[in-house]
Amino acid sequence: MTMDKKTIALLGISVLILVGILYFVGIDKVIEALKMANLHLIALAIGVQIFTYFLYTLRWKVLNNVAGIDVGFKKLLPMVLVGLAVNNITPSGRGGGEPVRAYLLYRENEEYTFDETFAAVVADRALDTFPFVVLAAVTIASMALFFDFDTGLLIVMVLSVIVILALLFALIYMCINLDFGKRVEGWIIGLVRRFYKKDTESLENTIHDSIVGFQHTMRVLMSDKKGLAYGLILSFLIWIFEILRVYIVFLAFGAKVNPIVVGEVFIVACLVGMIPLLPGGLGSIDILMIALYSAAGVPRSISATATFIERLISFWMATLIGMAILPYYGSSVLDKISFSGSPEEIDEVNKIESNE
């Protein structure tokens, strides 16, 4: 597995920003805060995060079952962790790991097409997005009404929610309205013809087959109301446990902060983290969380230390575990995903691997 120089550089910048934050707050104050931490509560926060990984996997398993993709929970869990890790190391608004998950699921059982596995991953992502949009809308309304919030940041958050909703509705509409799907296909093929100078007939056929296969699998998923309801419940539970983890970390440092405030700051930080600037929102999320928690009355040293520990649990733990698992699937999975946009290309890669 290799990371490109840009990703490594961005990760380095992100770490330097975090170190700079700790230096600005005062390393001595941070150390004092760490000394007073309740290690049992920090261990509980780690346990909550691990439990969240299982919830992610269970939701994906439910959607796979609806789509007729029969892959066991034990095999899906490491794929989820790899996907989370790739999300964290790519500045792609938490979406870089989804093609990787789809590819690993496809490679696990070639009885299913890449279009089917990718559709299941996209549906999983959509179910994760819906409760987030609801929580984000409530958070923005609350902050606009009851807090002296920066107007510029408020506008950015509103625009972010609008963009997320537009993409979600466009995806759903493309699967319901076949004509709209054809227009999307025509638009993609138009881009291919403009930038891909070689013979495009084979690639155009691949795009057509992929979109048709994707639409079919998505319609199957959307037709199962029970499966969608179960997945949606799991999605809300995941977000609740994400917020609970942050709250427990603050409790570990003796901070008396309203859990509603914790949730609101966490949602705002996630919105900012979706802007594809730095891997996993590193730096931007940290600065924002520290500033908002400090504004809410939490001492700055506690805000910085709790945020630092929380990010170690939520960001670095998933990243390190996922990257440790990734070589199991092959040392160049990320490179394959970068060029293997079609099932045919992925088939060819797998044949080469199996003969090595």
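Computed from a prediction, not measured in an experiment: that's the story for all the values here. (Residues numbered from 1 in each chain as written. Predicted model: local features only at pLDDT ≥ 70, side-chain atom pairs only at ≥ 80, totals over all residues. Heavy atoms only, no water.)

Scanning the chain for helices and strands turns up 15 helices and 0 strands. Scored against the burial criterion, the 356 residues of the chain give a buried share of 51%. A fraction of 76% describes how many contacts in the chain between residues 6 or more apart in sequence connect residues 24 or more apart. (Helix = DSSP H or I, 4+ residues; strand = E, 2+ residues; numbered from the N terminus. Buried < 20%, exposed > 50% of the residue type's maximum accessible area, 1.4 Å probe, protein only. Contact = heavy atoms within 4.5 Å.)

Attention shifts here to the packing of helix 10 (residues 225-252) against helix 11 (residues 259-273). Relative placement of two packed helices is described by the angle separating their axes and the distance separating the axes. With their axes 9 Å apart at the nearest point, helix 10 and helix 11 run at an angle of 110° to one another. Viewed along their axes, helix 10 and helix 11 adopt a mutual orientation that is roughly perpendicular. For the pair helix 10 and helix 11, the crossing hand works out as right-handed. From helix 10, W239, E242, I243, R245, V246 and Y247 reach across to helix 11, where they touch P259, V262, G263, F266, I267 and C270. Its residues assigned to classes, the contact of helix 10 with helix 11 shows 9 nonpolar, 1 polar and 2 charged. (Axes fitted to C-alpha atoms, helices over the stretch in contact; angles between N-to-C directions. Parallel < 35°, antiparallel > 145°, perpendicular 65-115°, else oblique. Left-handed = near helix turned anticlockwise from the far one by under 90°. Nonpolar A, V, L, I, M, F, W, Y, C, P; charged D, E, K, R; others polar.)

Here we come to the confidence of the model for the chain. Scored by pLDDT, the chain comes out at a mean of 78, with 76% of its residues at no less than 70. Confidence scores differ between elements of the chain, with helix 15 (residues 343-355) showing the lowest mean pLDDT of 49 and helix 3 (residues 39-66) the highest of 94. A low-confidence stretch, residues 338-344 (pLDDT under 50), is modelled with 12 contacts involving residues beyond four sequence positions or located in other chains. Predicted confidence is poor over residues 349-354, with pLDDT under 50, and the contacts of this stretch with residues over four places away or in other chains come to 10 contacts. (pLDDT = per-residue confidence, 0-100.)

Once that is clear, we can look at the packing of aromatic side chains. The full count for this structure, using the stated rule, is 8 aromatic pairs. The interplanar angle of 10° and the centroid separation of 5.9 Å between the aromatic rings of F54 and F73 together place this pair among those described as stacked. Here F54 is found in helix 3, whereas its partner F73 is found in helix 4 (residues 73-89), with 19 residues between them in sequence. Residue class for F54 comes out partly exposed when judged on its relative accessible area of 37%. Here a set of aromatic residues connected by ring pairs shows up, and it is made of F132, W239 and F266. Stacked on the ring of W60, the Lys or Arg R101 has its end atom at 4.6 Å from the ring centre. (Phe/Tyr/Trp six-rings, centres within 6.5 Å; stacked < 30°, edge-to-face > 60°. Lys NZ or Arg CZ within 6 Å of the ring centre and 35° of its normal.)

Okay, the pattern of salt bridges next. When their charged atoms lie close together, side chains carrying opposite charge are able to pair. Counted according to the given criterion, the structure contains 9 salt bridges. The salt bridge partner of D70 is K61, with a shortest N-O separation of 3.9 Å. D70 sits in the exposed class, given a relative accessible area of 57%. Overall, the relative accessible area of 16% leaves K61 in the buried class. (Salt bridge = Lys/Arg side-chain N within 4 Å of Asp/Glu carboxyl O.)

Structurally, E242 is set in helix 10. On the basis of relative accessible area, E242 is assigned to the buried category, the value being 9%. Polar side-chain contacts of E242 include one of 2.5 Å to the side chain of R245. Apart from the residues lying within four places of it in its own chain, the contact partners of E242 are Q49, T52, Y56 and F266. (Polar contact = N/O pair within 3.5 Å; in protein donor to acceptor, adjacent residues only side chain to side chain.)

For helix 10, which comprises 28 residues, the first-to-last C-alpha distance of 40 Å matches the rise-based estimate of 40 Å (1.5 Å per residue) to within 8%. Two or three places before K226, at the opening of helix 10, D224 has a side-chain oxygen 3.3 Å from that residue's backbone nitrogen. Backbone geometry just after helix 10 places G254 at a positive phi near 75°. (Expected span 1.5 Å × (residues − 1).)

This brings us to the nonpolar core. Membership of the largest hydrophobic core comes to 91 residues, with the highest contact counts inside it found for W60, F214, M218, F250, F253, L271 and Y293. Tallying contributions element by element places helix 6 (residues 114-146) first for this core, with 12 residues. Each residue touching Y293, except ones within four places of it in the same chain, is listed here: V246, F250, V261, V262, V265, F266, V298, S303 and T307. (Core = buried A, V, L, I, M, F, W, Y, C linked by side-chain atoms within 4.5 Å.)

Here we take up the side chain of N87. Structurally, N87 can be placed in helix 4. Side chain to side chain, N87 and E98 meet in a polar contact 3.5 Å long.

Further remarks concern a nonpolar patch on the surface. Together, F130, V134, V138, I233, F236, L237 and I240 line one region of the surface with nonpolar side chains, adding up to about 590 Å² of accessible area. At the level of secondary structure, the elements contributing two or more residues to the nonpolar patch comprise helix 6 and helix 10. Sort the elements by how many residues they give to the nonpolar patch and helix 10 lands first, with 4 residues. With a relative accessible area of 33%, L237 lands in the partly exposed category. (Patch = residues over 30% accessible without salt bridge, like charges linked within 9 Å, V, L, I, M, F, W, Y side chains within 5 Å. Areas by Shrake-Rupley, 256 points an atom, 1.4 Å probe, with all protein chains shown as cover.)

With 26 residues, helix 13 (residues 300-325) extends 36 Å between its outermost C-alpha atoms, agreeing within 8% with the 38 Å of an ideal straight helix rising 1.5 Å per residue. The sharpest bend along helix 13 reaches about 35° and sits at W316. (Bend = angle between axes of the 7 residues up to and from the residue.)

A word on the environment of V158. Note that V158 resides in helix 7 (residues 151-176). Residue classification places V158 among the partly exposed positions, given a relative accessible area of 33%. For V158 and A141, which are 17 residues apart along the polypeptide, the C-alpha to C-alpha distance reads 9.7 Å.

Moving on, we come to the environment of G273. Of note, G273 is situated in helix 11. Residue G273 is classed as buried on the basis of its relative accessible area of 8%. With 15 residues separating them in the primary sequence, G273 and L288 have C-alpha atoms 10.0 Å apart.

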